[in-house]
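These are the residues of each chain, in order.
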Amino acid sequence: MRLHVVDHPLVSHKLTTLRDQDTASPEFRRLTEELVTLLAYEATRDVRVEPSHISTPVGRTEGVVLSRPRPLVVPILRAGLGMLEGMMRLVPTAEVGFLGMLRNEETLEASTYAERLPVDLSGRQCYVLDPMLATGGTLAAAIRFLTDRGADHITCICLLVAPEGVANLERGLEGLEVPVTVVTAAQDERLDERGYIVPGLGDAGDRLYGLAQ
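A short tour of the structure in this document, coming up.

Criteria and cut-off values
Residues numbered from 1 in each chain as written. Predicted model: local features only at pLDDT ≥ 70, side-chain atom pairs only at ≥ 80, totals over all residues. Heavy atoms only, no water. Helix = DSSP H or I, 4+ residues; strand = E, 2+ residues; numbered from the N terminus. Rg over C-alpha atoms; globule rule 2.2 N^0.38 Å. Buried < 20%, exposed > 50% of the residue type's maximum accessible area, 1.4 Å probe, protein only. Contact = heavy atoms within 4.5 Å. Salt bridge = Lys/Arg side-chain N within 4 Å of Asp/Glu carboxyl O. Axes fitted to C-alpha atoms, helices over the stretch in contact; angles between N-to-C directions. Parallel < 35°, antiparallel > 145°, perpendicular 65-115°, else oblique. Left-handed = near helix turned anticlockwise from the far one by under 90°. Nonpolar A, V, L, I, M, F, W, Y, C, P; charged D, E, K, R; others polar. Phe/Tyr/Trp six-rings, centres within 6.5 Å; stacked < 30°, edge-to-face > 60°. Lys NZ or Arg CZ within 6 Å of the ring centre and 35° of its normal.

What the protein chain contains, in helices and strands, is six helices and 13 strands. Here the C-alpha radius of gyration of the protein chain, 17 Å, is about what a compact globule of 213 residues would show, namely 17 Å. Seen through its principal axes, the protein chain has C-alpha atoms that stretch 60 × 40 × 30 Å. Put simply, the protein chain has 213 residues, and 46% of those count as buried. Counted over contacts in the protein chain with a minimum sequence separation of 6, partners at least 24 positions apart contribute 72%.

See the structure below:
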């Protein structure tokens, strides 16, 4: 597994405002989309392309287009939905699948409660959207779910990661012979006793959409 922390002043600027507890949900959603677009630029560096011959207004040339099957973007519900628009702004022709993962707050283990994905993902590059890599259980389960269906290249985009989450994810993916990259805006200090990232930005889902009832 490879961890890539994006070092860019605009990324740091937007992340600082996201962290601020006084940032309201509408601005938080907007900034999340903008930040994900910046992270997606780095995350798609290895996206597969193929040659394409085209005509410009003044002549013929060769360029590239996205290969088929097209990349599959997979937001993890519910917080990952807040990252989807930012990703699709950069890769509008990608396909989208959905994966619902629920973390048990006592055991911190993840389980799947919903999915809308192709049965066969053979040869697919998948981009998993999950705001926080905290304990790592949810992301590890999501990656295993995708690779069990044949996905052969996984890139995860996270707003923040914790060192414990990175270590747990690496352990959770031991023996997996599929390249996995995690692209993030920052690696924070630690997890607290509740499994939240410190200093973090709080619960991303609640800050995107309000408190669940």
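The subject of this paragraph is the pattern of salt bridges. Under the counting rule described, the total for this entry stands at eleven salt bridges. For Arg19, the salt bridge is made with Asp188, and the minimal N-O distance between the two is 2.8 Å. Of the two residues, Arg19 is situated in helix α1 (residues 9–19) and Asp188 in the loop between β11 (180–187) and β12 (190–191); the sequence distance between them amounts to 169 residues. Assessed through its relative accessible area of 25%, Arg19 is described here as partly exposed. The shortest N-O distance in the salt bridge between Arg149 and Glu115 comes to 2.9 Å. Of this pair, Arg149 sits in the loop between α4 (137–148) and β10 (153–161) while Glu115 sits in strand β7 (residues 110–116), and the two are 34 residues apart along the sequence. Linked through salt bridges whose partners overlap, the residues forming this network are Lys14, Glu27, Arg30 and Glu34.

So, about the packing of helix α2 (residues 25–43) against helix α3 (residues 81–90). For the pair α2 and α3, interaxial distance at closest approach is 7 Å and the crossing angle is 45°. Accordingly, the angle class assigned to the pair α2 and α3 is oblique. Taken as a pair, α2 and α3 cross one another with a handedness that is right-handed. Where α2 abuts α3, its residues Thr32, Glu33, Val36, Thr37, Ala40 and Tyr41 lie against Gly82, Met83, Glu85, Gly86, Met87, Arg89 and Leu90. The residue inventory of the contact of α2 with α3, partitioned by class, reads six nonpolar, four polar and three charged.

Bringing the side chain of Thr181 into the picture now. Within the fold, Thr181 resides in strand β11. Exposure remark for Thr181: the relative accessible area of 12% places this residue in the buried category. Apart from the residues within four sequence positions on either side, Thr181 is in contact with Arg2, Ile154, Thr155 and Cys156.

Bringing the packing of aromatic side chains into the picture now. Aromatic ring pairs: the centre-centre distance and the angle between the two ring planes describe each pair. Across all of its chains, the model carries zero aromatic pairs by this definition. Over the ring of Tyr196 we find Arg194, and its NZ or CZ is 4.5 Å from the ring centre.

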